[in-house]
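Structural characterization, general
Here is how the chains run, residue by residue.
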Amino acid sequence: MELQINVIDAFTDETFKGNPAAVIITSDWLTTELMQSIAIENNLSETAFVKQINNQTYEIRWFSPITEIDFCGHATLAASFVIFAKDNTIKEINFFAKAVGDLSVTKTPDGLIQMCFPNKEPAVVNEIPEALLNGLSINPIDVLLNDQAYFVIYKNESDVLAVIANSDELKQLAPYDVVVTSTSTSTEFDFVSRYFWPANGGDEDPVTGSIHTGLMPYWSKKLNKTDLIAYQASKRGGKLMCRIEGDKVYISGKAVQYLTGTITV
């Protein structure tokens, strides 16, 4: 069986920046075992498998090289980029994912892809797990948690950039990942973050759209702003435009094509 595959760099307008994701669109679902094997072979942070329901509605599933993921923003952006590129007349599409429900995506006039996600605001943790403290070289000033990750708050950006993660320790927090964050010193960005997910994908993720559904409500309240610009400070780096409206978080970004090809399975 031959399948078309696209690899897209998400949350960037430069090749080799942002977060690469593979996208495979099918008329019928492959087996879970085959999708996981393809994700392992691709060895990218995510491979998105998309099943078309009609012209503008799709089901989507996301796989890291380790496991199927409940929710992935950058691979949703990548999948949307591929779909929009196939038909320039389409301006809005809808995805359905079992863990998060319906997700709407819009192509904006200024070239951004805007995704509408549920608000995943984290709550303060009363008892910080020992594995979290042992897993980071810098102690937090606060720790919060949502259904995806622990949110480690640092006093300044230099701590976010300097912190060293111990993956063996952080793996013990499974099924939760870890994001470290602070306000930004740059005039371009409002806040910065880094994302560690050794239990579910890898040591550090380049750009993580889904975690901004928790970062955005947190920083929106702290900074008293409903529109924020975020930077994920990995080696590749990524820029995310964020807006919050009640129980919805809108995350926008750009993407670029890296590869189009065919795999044989």
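Look above for the structure.
Every value quoted in this text rests on a predicted model; they were computed, and no experiment measured them.

Cut-offs used in this document
Residues numbered from 1 in each chain as written. Predicted model: local features only at pLDDT ≥ 70, side-chain atom pairs only at ≥ 80, totals over all residues. Heavy atoms only, no water. Phe/Tyr/Trp six-rings, centres within 6.5 Å; stacked < 30°, edge-to-face > 60°. Helix = DSSP H or I, 4+ residues; strand = E, 2+ residues; numbered from the N terminus. Buried < 20%, exposed > 50% of the residue type's maximum accessible area, 1.4 Å probe, protein only. Expected span 1.5 Å × (residues − 1). Arc of directions from axis to C-beta. Contact = heavy atoms within 4.5 Å.

**Regarding the packing of aromatic side chains**
- Across all of its chains, the model carries ten aromatic pairs by this definition.
- Aromatic pair F49 and F63: ring centres 5.6 Å apart, planes at 90 degrees, arrangement edge-to-face. Residue F49 is found in strand β3 (residues 46-54), and its partner F63 is found in strand β4 (residues 57-63); the two are separated by 14 residues along the sequence. F63 matches F49 in its accessibility class, with the two residues each being buried.

**So, helix α2 (residues 73-86)**
- The terminal C-alpha atoms of α2 lie 20 Å apart, and with 14 residues this matches the ideal 20 Å at 1.5 Å per residue to within 8%.
- Buried residues dominate α2, accounting for twelve of its 14 residues.
- Within the sequence span of α2, burial applies to G73, H74, A75, T76, L77, A78, A79, S80, F81, V82, I83 and F84.

**A short note on helix α1 (residues 32-42)**
- Inspection of α1 places M35, Q36, I38 and A39 among the buried residues, and these make up the whole buried set. One face of α1 carries all of its buried residues, which in axial projection span an arc of 160 degrees. In α1, the exposed positions that point more than 90 degrees away from the buried face belong to E33 and E41.
- Check the buried side of α1 and you find it contacts β1 (2-10), β2 (19-26), β3, β4, β5 (68-69) and β18 (255-264).
- After α1 finishes, the residue N43 shows a positive phi value of roughly 55 degrees.

**Side note on the side chain of S210**
- Along the polypeptide, S210 turns up in the loop between β14 (202-205) and α6 (212-223).
- Those residues in contact with S210 that lie beyond four places of it in its chain are F71, C72, G73 and Q148.

**Re unusual backbone geometry**
- That bond from A174 to P175 is cis: its omega, 10 degrees, falls within 30 degrees of zero.
- Assignment of secondary structure puts P175 in the loop between α5 (167-170) and β12 (177-183).
- Here the phi dihedral of N43 falls at roughly 55 degrees; this positive angle occurs in a residue that is not glycine.
- Positionally, N43 belongs in the loop between α1 and β3.
- One non-glycine residue with positive phi stands out, namely N224, at about 55 degrees.
- Structurally, N224 can be placed in the loop between α6 and β15 (227-232).
- For N224, a relative accessible area of 70% translates into the label exposed.

**Some thoughts on the environment of L228**
- For L228, the location among the structural elements is in strand β15.
- Taking the C-alpha atoms as reference points, L228 and L240, separated by twelve residues in sequence, lie 8.5 Å from one another.
- Non-local contacts of L228, meaning those with residues more than four positions away in its chain, are made with D190, F191, M216, W219, S220, L223, L240, M241 and C242.

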